[in-house]
Amino acid sequence: MSFVAGLVIGLVVGLALIVAFVRSENARSKHRSDLAATVTSLARMTVEDSRKLLSPEYYPSWVVFSQRQKLTWLNVQLEKIWPYVNEAASELIKANVEPVLEQYRPVILASLTFSKFTLGTVAPQFTGVSIIEDGSEGITMELEMQWDGNPNIVLDIKTYLGVGLPVQVKNIGFTGVFRLIFRPLVDEIPCFGAVCFSLRHKKKLDFTLKVVGGDISTIPGLSDAIESTIRDAVEDSITWPVRKVIPIIPGDYSDLELKPVGKLEVKLVQAKELTNKDIIGKSDPYAVLYVRPLRDKMKKSRTINNQLSPVWNEHFEFVIEDLATQHLTVKIYDDEGLQAAELIGAAQVQLSELQPGKVKDVWLKLVKDLEIQRDTKNRGEVHLELLYCPNGMQSGLINPFAQKYSMTSLEKVFKNGADGGNNMNGNVGEGNNGKDVIVRGVLSVTIISAEDLAPADLMGKADPYVVLTMKKTESKNKTRVVNECLNPAWNQTFDFVVEDGLHDMLTLELWDHDTFGKDYMGRCILTLTRVLMEGEYKDCFPLDGAKSGKLNVNLKWTPQPIYRI
């Protein structure tokens, strides 16, 4: 009986094991089939499919979607003809770059020329090509190039002491995007009249300097001066919007050459919540602004010591050559005295976002690296007012009573408006008998109300009031106190006589009234640009330096032109 029972149990267990094994194999086979189908689907998936599945924020920073096509065939052919290209291009580049080097030659040097210049035996690699659809009458092509070459470049440097130094440029690493423009299209072979080429985007340019038979560090500052000269020469000779025009069919191609198209008026208002770079005390910030990174075209603000929320209220003007592609760059530094300044953060504004003739008020978040926008650290913000004036929009008037002072585009706009628009031909004095106009008037400020203020008392309330201050005259006014309220309403109007509306500022500070003192609750800093342009406006301004809260304000400008004889 025991034998029969054991046999039955054994058969049942054996059948169960067989069934489990078969099911396991079937499941594994199905899993492999599904996995193979998934891999096949992934292999057929396009870039557009991946964009539909996941939005860009889910991809790591090193994932880049490119519309560029591969150019393996071009690289193979370029390697074959590179010895001939090297010989022809070396002389051409040398002839074009030497005058630019001389233009940016450091003052400590008597001359700066090439004694040797060849591009070496390593051909550049074109990693991609794309066609730009910009709506123009022509063909615009961009080629991405990478070059880690072995050129033989030797600079012949002579000092004012008569000492000559041969400096070799070594270990060149370059990555960038070149733009080719075939324009205009014509009905003759090769179907375009001229070719424009330019370095559209310089991603990387690395090199080292070495004195042949010596050490360049023996002359303090020489290496940095030569490196800055080379970078400025590259920037000013070939970097977009600078372009070289090569005529293919005889004709007039002056419209393809680089020309100023307008001026950008920038008011650097303030910054807030800057990162502190000092161990003791606070940073001493200043700003550097530029459209093209050339030393003579970069603007620098004054340094404000020991302040993480500086107020500059400074004006700068830039010449714009290509509104569609150029941008304004702002970099905030901490002044370290005799040591090199330390970067706090940087920001950019695309000029194509500006509406001609209209002031744009922007707060820009500072990042560590403009090439990497995914910077989650709070490095502060910078406040700008921007006005783009295309050529032909402003009158071009000059103030005859201040010959040493050049009027900015913004001042010309207001001056032209004050003249009633009758003086558009630049004939100063015809509209007002030789009298000049000063932007002067009465600013009426109505403090309407505040919303969602942070509690300042132990009981969870506050007794708020507003102090109004004009920066230049330091004239002040204040509202009445509204007791125990976080959403106070004042509806009080104050008038200020403003002598210089373009360069003055209005500060609104909110305080909590206490019996034995007062507590700071935040502030708003306003320039007068918008009210000068619009005449009157009402807006809600967030409070800086406060956990929460907004201030509702109405501003009105009543001009009072003064004519000086």
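The rules behind these values
Residues numbered from 1 in each chain as written. Predicted model: local features only at pLDDT ≥ 70, side-chain atom pairs only at ≥ 80, totals over all residues. Heavy atoms only, no water. UniProt positions renumbered as here; feature names shortened; annotations may be inferred. Helix = DSSP H or I, 4+ residues; strand = E, 2+ residues; numbered from the N terminus. Buried < 20%, exposed > 50% of the residue type's maximum accessible area, 1.4 Å probe, protein only. Contact = heavy atoms within 4.5 Å. Areas by Shrake-Rupley, 256 points an atom, 1.4 Å probe, with all protein chains shown as cover. Disulfide = S-S within 2.5 Å. Pairing = 2+ DSSP bridges.

An unreviewed UniProt entry annotates the protein chain as Synaptotagmin-5 of Salvia divinorum. According to UniProt, the comment filed for the protein chain under the heading Subcellular location (unreviewed entry) is "Membrane". The annotation that UniProt attaches to the protein chain under Function (unreviewed entry) is "May be involved in membrane trafficking."

In terms of regular secondary structure, the protein chain is built from 6 helices and 25 strands. In the protein chain, which comprises 565 residues, the share counted as buried stands at 41%. Taking all contacts inside the protein chain whose residues are at least 6 apart in sequence as the whole, residues at least 24 apart take part in 65%. Accessible surface, the protein chain as shown: approximately 31700 Å² in total, 56% of it carbon and sulfur.

Attention now moves to the state of the cysteines. Two cysteines, two sulfur atoms, one covalent bond between them: this is a disulfide. Taken as a whole and assessed by the stated rule, the structure comprises 0 disulfides. Cysteine C524 is unpaired, with the sulfur of C540 as its nearest cysteine sulfur at 8.5 Å. Exposure remark for C524: the relative accessible area of 3% places this residue in the buried category.

A word on the pairing of strand β18 (residues 464–470). Burial runs high along β18: 7 of the 7 residues are buried. Sheet analysis places β18 next to strand β19 (residues 476–478), joined by 3 bridges and oriented antiparallel. Looking at the pairing, L468 lines up with N477 of β19. The antiparallel pairing of β18 with β19 creates a hairpin that spans 5 residues between the two strands, and E474 there sits at a positive phi of about 60°.

Turning to the side chain of R292, a few remarks are in order. Within the secondary structure, R292 sits in the loop between β9 (285–290) and β10 (299–300). Setting aside chain neighbours within four positions, we find R292 in contact with E235, D236, P241, V242, L258, K297, M298, E321 and Q326.

With omega at -5°, the peptide bond leading from R183 into P184 counts as cis. Along the chain, P184 turns up in strand β5 (residues 164–185). In this chain, I189 is followed by P190 through a cis amide linkage whose omega measures 10°. Locating P190 in the fold gives a position in the loop between β5 and β6 (192–211). For N171, which is not glycine, the phi torsion reads 50° and is therefore positive. Overall, the relative accessible area of 55% leaves N171 in the exposed class. Even without being a glycine, N313 presents a positive backbone phi close to 55°.

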